[in-house]
Amino acid sequence: MAAPTVTDLRAYVLRGGGADYHDQDGPHWIDDHIATPMARYPGYRESRQSFGLNVLGTLVVVAEASDGSSGFAVTTGGEPAAWIVEKHLSRFVLGAAVTDLSRIWDQMYSSTLFYGRKGLVLNAISGVDLALWDLLGHVRAEPVYAMIGGAVRDEQPCYATGARPDLAVELGFLGGKLPLHHGPAEGADGFTANLRLLAEMRATMGPDAWLAYDCWMSLDVDYAIRLAHAAAEHGLRWIEEPVPPDDYWGHAAIRKALPPGMLLTTGEHEATRWGFRLLAEMGCADILQPDVGWCGGLTELLRISTLADAHGLLVVPHGSSVYSYHFAFAQHNSPFSEFLMMAPAADRVVPMFHPQLLGEPVPEHGRLRIGQLDAPGFGVTLNPDLALARPYRRG
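Described in the following lines is the structure provided in the data block.

Below, the discussion takes up the overall build of the chain. Check the secondary structure of the chain and you find eleven helices and 14 strands. Here the chain has a C-alpha radius of gyration of 20 Å; the compact-globule value for 395 residues is 21 Å, and the two agree. Expressed as lengths along the three principal axes of its C-alpha atoms, the size of the chain is roughly 65 × 45 × 40 Å. Burial status across the chain gives 61% buried among its 395 residues. Sequence-distant contacts in the chain: of pairs separated by 6 or more residues, those separated by 24 or more amount to 72%.

Written out as structure tokens, the structure is:
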């Protein structure tokens, strides 16, 4: 029996939280004096929104099939990515069988090499790929995790990223990952403040809970090594993305110099199997953290995971809610997941992509259950009350 074909592909834009979780109104921990590559400029130090981290907004991709089924996905990319989907990528999707995911991915990637390879173009490709996986799940009436091999565990433990890892432990999470607040430009006082916060959290959390620092590309090699060694007495489990993502040599040097037992993690801003091949072969990380909405979608994330497994590396995707949950439940080398605490004070568990997704599962006592993912596709629906805008149309 012939598979249904894709009959329509549309790209919309949304503002305000959700997949572009930096697009927050009002005070929020995610925008509160966090170390960034722009922190060397004092005028852009207090807020990540000040240098434009929230300018893109959310990209919503909707795909429809000839049997009446539909699927969708959300990621970042906003209006520029919507143009890429409508004006370029759609030609490889429309009329294709809903099962032709590998061919569609290869054509989208190969056709955009002259202006893509990473960044915004891969966000757009990821959005299309995830929407097609969701569509295929609805055609087959199967959850995505079942279509990629089935669950390898019944529960998935999570750690929490946010300003209050101490509260995350009380809520049942494995531990928490703090945003680093001060980078090299803030000198010795900033260095001391970073350690002081770490010590306060460790004292509150106890000796066994996980505690990590997300450095968000903001450090240099020397600072990162000094921070890691000074933080060792506080039981820092890992240091994440300490230098810019293209500095593979810096990541490798930092990892070699870390104190015994401390890990280096990175990959949130990396893309495709070729980027992760560099990270793996150059010894840049112990844990790879691709974002499924940025690295090339689920089709490419599965390839990245196989590559990582061959190098003995764990793959723990960055955020991305249901899109990474389905992946992680089906992978032996993804034994835990990240959960972004999107409550403004990081003091309670709320859906990561609220208000965009309805039916979005959240960890209960720090764990996800496979039964939470049993609906077709990625198991969520698009909130019909959202103010969707379609800035471009094919043709």
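Next comes the rest of the write-up.
The final tally for this structure, using the stated rule, is 19 salt bridges. A salt bridge links E300 to R273, with the shortest nitrogen-to-oxygen separation between them at 2.9 Å. Of this pair, E300 sits in helix α10 (residues 297–310) while R273 sits in helix α9 (residues 272–281), and the two are 27 residues apart along the sequence. Among the ionic pairs, E281 bridges to R277, the shortest N-O distance being 3.0 Å. Of this pair, E281 and R277 both sit in helix α9, four residues apart, which is roughly one turn of that helix.

A separate point is the layout of surface pockets. In this approach, a probe sized like a water molecule rolls over the atoms, and the result shows the empty space that is left. As a volume, the largest pocket reaches approximately 550 Å³. Along the lines of polarity and charge, the residues of the lining of the largest pocket split into twelve nonpolar, six polar and five charged. Around the second largest pocket, the lining residues are G16, G17, G18, Q24, H28, M342, P344, V350, P351, M352, H354 and P355. Taken together, the residues that form the lining of the second largest pocket break down as six nonpolar, six polar and no charged.

The buried fraction of strand β3 (residues 70–76) amounts to six of the seven residues, a majority that puts the element mostly inside the structure. What sits between strand β2 (residues 58–65) and β3 in their antiparallel hairpin is a turn of four residues, with G68 showing a positive phi close to 95 degrees.

All chains considered together, the criterion is met by 13 aromatic pairs. By the ring-pair criterion, three or more aromatic residues cluster together here, those being Y159, W210, W238 and F336. Above the face of the W216 ring, R48 is positioned so that its terminal group lies 4.9 Å from the ring centre. Between the NZ or CZ atom of R237 and the centre of the ring of W210, over which it lies, the distance is 3.9 Å.

What follows is about the sheet that holds β3. Ordered by their spatial adjacency, three strands build an open sheet running β1-β2-β3, and the pairing between neighbours is antiparallel. Of all the strands in the sheet, just β1 (6–14) and β3 have a single pairing partner and so form its edges. Each adjacent strand pair in this sheet contributes to an overall mean axis angle of 15 degrees, direction not counted. With respect to the sheet, helix α1 (residues 78–87) is in contact with β1, β2 and β3, its orientation differing from that of β1 by roughly 165 degrees.

We now examine the packing of α1 against helix α3 (residues 120–140). Closest axis-to-axis distance for the α1/α3 pair is 9 Å, and the angle between their directions is 60 degrees. Comparing the axis directions of α1 and α3 gives the class oblique. Crossing geometry of α1 relative to α3 is assigned as right-handed. Every residue of α3 that contacts α1 at P80, A81, I84 and V85 is listed here: L120, V121, A124 and V128. Taken together, the residues of the contact of α1 with α3 break down into eight nonpolar, no polar and no charged.

This model, assessed by the stated rule, comprises two cavities of 30 Å³ or more. Taken as a whole, the largest cavity holds about 140 Å³ of empty space. In terms of lining residues, the largest cavity is bounded by 15 residues, among which W29, R48, T161, D214 and W216 are the most central. Of the residues contributing to the lining of the largest cavity, the split by class is seven nonpolar, three polar and five charged. The calculated volume of the second largest cavity comes to roughly 80 Å³. Along its surface, the second largest cavity is lined by 13 residues, and T75, D291, W294, S320 and F353 are the ones closest to its centre. Residue contributions to the lining of the second largest cavity peak at three residues, all from β3.

Our focus in this paragraph is unusual backbone geometry. Cis rather than trans, the peptide bond between H354 and P355 has omega equal to 5 degrees. In this structure, R117 takes a positive phi of about 85 degrees despite not being glycine. Judged by its relative accessible area of 49%, R117 falls in the partly exposed class. Of note, H365 is a non-glycine position whose phi angle comes to about 55 degrees, a positive value. When you line up the elements, H365 lands in the loop between β12 (357–358) and β13 (367–369).

Thresholds applied
Residue numbers here run from 1 along each chain, matching the order of that chain's written sequence. Since the coordinates come from a predicted model, pLDDT governs what is reported: local features require at least 70, and pairs of side-chain atoms require 80 or more to be given and counted, while whole-chain, interface and lining totals use all residues. To get the side-chain values, take all heavy atoms of the structure and skip hydrogens and water. Working definition: helices are DSSP H or I runs of at least four residues, strands are E runs of at least two. Numbering for both runs from the N terminus. Using C-alpha atoms as the atom set, the radius of gyration is obtained and then compared with a globule rule of 2.2 Å times the number of residues to the power 0.38. Using a 1.4 Å probe on the protein chains alone, a residue whose accessible area is under 20% of its type maximum counts as buried, one over 50% counts as exposed, and one in between counts as partly exposed. In this description, contact between two residues means that some pair of their heavy atoms is separated by no more than 4.5 Å. We define a salt bridge as a contact between a side-chain nitrogen of Lys or Arg and a carboxyl oxygen of Asp or Glu at a distance within 4 Å. Using protein atoms alone on a 1 Å grid, points that fit a 1.4 Å probe yet trap it form a cavity, whereas open point sets bounded by protein on both sides within 12 Å along at least five of seven lines form a pocket; residues with an atom within 4 Å of a point count as lining. Grid points are joined across faces, edges and corners, and a volume is the space filled by probe spheres set on the points. In the scheme used here, Gly and all other residues not listed as nonpolar or charged are polar, with Ala, Val, Leu, Ile, Met, Phe, Trp, Tyr, Cys and Pro taken as nonpolar and Asp, Glu, Lys and Arg as charged. We treat two strands as partners when DSSP finds at least two bridges between them. Each pair of aromatic rings taken from Phe, Tyr and Trp, with Trp reduced to its six-membered ring, is defined by centres within 6.5 Å and is described as stacked if the planes are under 30 degrees apart, edge-to-face if over 60, and tilted in the remaining cases. Two limits define a charge over a ring: the Lys NZ or Arg CZ must be within 6 Å of the ring centre, and within 35 degrees of the ring normal. Axes here mean lines fitted to C-alpha atoms, for a helix over just the part in contact, with angles spanning 0 to 180 degrees between N-to-C directions. The scheme is simple: roughly parallel for angles under 35 degrees, roughly antiparallel for over 145, roughly perpendicular for 65 to 115, oblique for anything else. Helix crossings fall into two classes, left-handed where the near helix is turned counterclockwise from the far one by less than a right angle and right-handed where it is turned clockwise.

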